[in-house]
Amino acid sequence: MADLLWDDVSCFFDPDLMGSLPDVRVPNASVEDWQAILDLVVERGWKCQYSEGETVLAVPRAEAVLGRPADAECPELRVWPTADVLAIFRFGADDEVDFDVDLRELQGQERLDVFCDFLRRIGRRLGKPVLMDPEGDYGHPVLGFDVETDRVVLLAEPPVR
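For every chain, the first residue of its written sequence is number 1, and the numbers climb from 1 along that sequence. Since the coordinates come from a predicted model, pLDDT governs what is reported: local features require at least 70, and pairs of side-chain atoms require 80 or more to be given and counted, while whole-chain, interface and lining totals use all residues. As a rule here, side-chain values cover all heavy atoms of the structure and leave hydrogens and water aside.

Thoughts on the nonpolar core
With 45 residues, the main nonpolar core has Phe13, Phe89, Phe99, Phe115, Ile122 and Leu143 as its most contacted residues. A helix here means a DSSP run of H or I that spans at least four residues, while a strand means a run of E at least two residues long, and both kinds are numbered starting from the N terminus. Looking at this core element by element, the count peaks at 8 residues for helix 5 (residues 109-126). Apart from residues lying up to four places away in sequence, Leu143 is in contact with Leu4, Phe12, Phe13, Phe115, Leu119, Val130, Leu131, Met132, Val152, Val153, Leu154 and Leu155. Put simply, buried Ala, Val, Leu, Ile, Met, Phe, Trp, Tyr and Cys residues joined by side-chain atoms within 4.5 Å make one nonpolar core. Summary of the burial criterion: residues with accessible area below 20% of their type's maximum are buried, those above 50% are exposed, and those between are partly exposed, where the area comes from a 1.4 Å probe applied to protein chains only. Note on contacts: a residue pair is in contact if any heavy atoms of the two residues lie within 4.5 Å.

Here you go:
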């Protein structure tokens with residue numbers, strides 16, 4: 001059974017309401033958590049591309065990426081859990097895993113299921129919540145992976161229309 005039903009959550013995937021690039025995050029993370037995500041990407045066989053600026057490189061170890069000088073360009077890892085869904089991880093800090101998704105790619109039940117599976121796999125691997133905040137509204141998650149229930153759940157009430 002699906003974690004979330006499209007008809008119940010479609011408002012949270014409306015780019016006009018939420019912004020097209022909501023922030024997805026794992027708070028209270030560590031370098032080890034970042035490495036666990038890099039390992040998960042490899043284990044799952046998800047297509048990925050690591051880059052620093054315009055230069056595409058082999059995926060390094062998390063400690064190497066997060067140990068870069070503060071004034072260095074922020075590296076990113078693009079991960080495709082499926083051909084049509086992209087998550088872009090940005091290595092801005094070692095204490096929070098941060099990535100973006102494009103809500104325009106997450107329309108309908110099938111894509112929602114892919115997204116929930118992606119969040120669930122990350123959350124299970126880390127044993128931590130994975131939260132989605134509206135674009136520009138950090139700290140106010142609308143949905144996320146809940147460790148205790150082992151599923152993606154709503155964390156906010158849908159807006160009244």
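Structural notes on unusual backbone geometry
Residues other than glycine seldom take positive phi values, yet Asn28 does so here, at roughly 55 degrees. Notably, Asp150 is not glycine yet its phi reads approximately 60 degrees, a positive angle. Assignment of secondary structure puts Asp150 in the loop between strand 8 (143-146) and strand 9 (151-154).

Thoughts on the pairing of strand 7 (residues 130-133)
Neither face of strand 7 is left uncovered, since the one carrying Val130 and Met132 and the one carrying Leu131 and Asp133 both have all their residues buried. Here, strands pair whenever DSSP counts at least two bridges between them. Inspection of the sheet shows strand 1 (residues 23-26) paired to strand 7 by 3 bridges, in the antiparallel sense. Looking at strand 7, one finds that Arg25 is bridged to Leu131. Note: strand 7 against strand 8, 3 bridges, orientation antiparallel.

Considerations on the sheet that holds strand 5 (residues 85-90)
The antiparallel open sheet is built from 9 strands, whose spatial order is 3-2-4-5-6-1-7-8-9. Where the open sheet ends on each side, the last strands, each with one partner, are strand 3 (55-57) and strand 9. The average undirected angle you get between the axes of adjacent strands in this sheet is 25 degrees. Where strand 8 meets strand 9, 4 bridges bridge the pair, whose relative direction is antiparallel. For helices, the fitted axis covers only the stretch in contact; all axes are lines through C-alpha atoms, and the angles between them, taken along N-to-C directions, range from 0 to 180 degrees.

Here's the deal with the environment of Gly67
Along the chain, Gly67 turns up in the loop between helix 4 (62-66) and strand 4 (76-82). Given the relative accessible area of 59%, Gly67 is considered exposed. When the C-alpha atoms of Gly67 and Asp94 are compared, they prove to be 8.9 Å apart, with 27 residues separating the residues in sequence.

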